[in-house]
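Structure assessment
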Amino acid sequence: MTASLAAITTLPARAIEREELLEQMKRMRPSDMTVLETKSIGGGTYTLAIYAIKGDASDPDLRRYKLWKEYPDNLVVPTESVNCGRTSPLRVTRDNDAIYIRRLNPGGPITAANRENHLVWWAACVPSQAGQDPATLSTKARELGYSGLLVETIETLRVPSP
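Residues numbered from 1 in each chain as written. Predicted model: local features only at pLDDT ≥ 70, side-chain atom pairs only at ≥ 80, totals over all residues. Heavy atoms only, no water.

**Re the pattern of salt bridges**
Operational definition: The rule for a salt bridge is simple: a side-chain nitrogen of Lys or Arg has to be within 4 Å of a carboxyl oxygen of Asp or Glu. For helices the rule is a DSSP run of H or I covering at least 4 residues; for strands it is a run of E covering at least 2, with both sets numbered from the N terminus onward. Buried, partly exposed and exposed residues are distinguished by accessible area as a fraction of the type maximum, computed with a 1.4 Å probe on protein chains only: under 20%, between the cut-offs, and over 50%, respectively.
In this structure the tally under the stated criterion is eight salt bridges. With a shortest N-O distance of 2.7 Å, arginine 29 and glutamate 70 are connected by a salt bridge. Remark: glutamate 70 occurs in strand 3 (residues 62–71) and arginine 29 occurs in the loop between helix 2 (18–27) and strand 1 (34–41); sequence separation between them is 41 residues. Judged by relative accessible area, which is 5%, glutamate 70 ranks as buried. Residue lysine 69 is joined to glutamate 116 by a salt bridge in which the shortest nitrogen-to-oxygen separation is 3.2 Å.

**Brief notes about the side chain of serine 81**
Rules: What makes two residues a contact is simply this: any of their non-hydrogen atoms within 4.5 Å.
Mapped onto the elements, serine 81 comes out in strand 5 (residues 79–83). On the basis of relative accessibility, which here comes to 16%, the residue serine 81 falls in the buried class. In this structure serine 81 touches Arg63, Arg64, Tyr65, Leu90, Arg91 and Val92, once residues within four positions along its chain are discounted.

**Here we look at the pairing of strand 3**
To keep things clear, this is the line we draw: A pair of strands is treated as paired once DSSP finds two or more bridges between them.
Relative to strand 3, strand 2 (residues 44–55) runs antiparallel, the two sharing seven bridges. By the bridge assignment for strand 3, threonine 47 is matched with glutamate 70. Between the antiparallel neighbours strand 2 and strand 3 lie six residues. Pairing geometry for strand 3 and strand 5, over five bridges, is antiparallel. For tyrosine 65, the partnering residue across the bridge sits in strand 5 and is glutamate 80. Of the strand pairs in this sheet, strand 3 and strand 4 (residues 74–76) are connected by three bridges, and their pairing is antiparallel. Directly across from lysine 69, in strand 4, lies its bridge partner valine 76. In this antiparallel pair of consecutive strands, strand 3 and strand 4, the connection spans two residues.

**Comments concerning unusual backbone geometry**
Positive phi, normally seen in glycine, also occurs at alanine 52, with a value near 55 degrees. Its location among the elements puts alanine 52 in strand 2.

**Brief notes about the pairing of strand 2**
Here seven bridges tie strand 1 to strand 2, and the two strands are oriented antiparallel to one another. In the strand pairing of strand 2, serine 40 is matched with threonine 45. Connecting strand 1 to the next strand, strand 2, in antiparallel fashion are two residues, including glycine 43 with a positive phi near 85 degrees.

**Comments concerning the state of the cysteines**
The cut-off we apply is this: Two cysteine sulfur atoms make up a disulfide if the distance between them is within 2.5 Å.
Scanning all chains against the criterion turns up one disulfide. Here cysteine 84 connects covalently by a disulfide to cysteine 125, the sulfurs 1.9 Å from one another. As the torsion about the S-S bond is roughly -85 degrees, the cysteine 84-cysteine 125 disulfide counts as left-handed. Of this pair, cysteine 84 sits in the loop between strand 5 and strand 6 (90–94) while cysteine 125 sits in helix 3 (residues 115–125), placing them 41 residues apart in sequence.

Scope: geometric values only; no functional claims are made or implied.
Structure follows, in structure tokens:
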């Protein structure tokens with residue numbers, strides 16, 4: 001069970017079915033949540049949303065936020081960050097095994113492999129474009145000073161085993 005599901009402490013002491021818990025979490029969606037994408041996947045609907053976007057006092061290019069990844073049978077709520085700078089736009093994510101640094105190319109080609117990265121980056125860095133198809137934002141990226149010519153890469157930093 002994810003930490004987000006385990007964190008609910010207002011539930012009755014009786015045993016609760018997983019489906020009921022997921023429905024309860026859906027009703028508890030944050031008020032500042034913006035849905036970025038909804039799509040059908042095996043057994044139901046996947047929803048990707050962002051909320052609690054905060055700037056960094058020491059670096060105006062940094063943003064921290066929470067994602068809401070709602071699967072038909074699970075809810076994952078990671079905290080992540082992006083760099084919105086014109087020379088080094090990136091998204092930093094983490095799982096149990098590693099930290100992933102994804103260098104992005106706003107205004108560049110969008111593929112199935114980088115689509116979520118760009119959806120999240122645009123929502124955190126340019127909230128007025130949240131939920132827009134990033135493949136249609138090339139002109140907007142250039143207006144904002146991004147070249148569209150950066151090389152996209154992923155760097156994986158392994159987390160030591162406990």
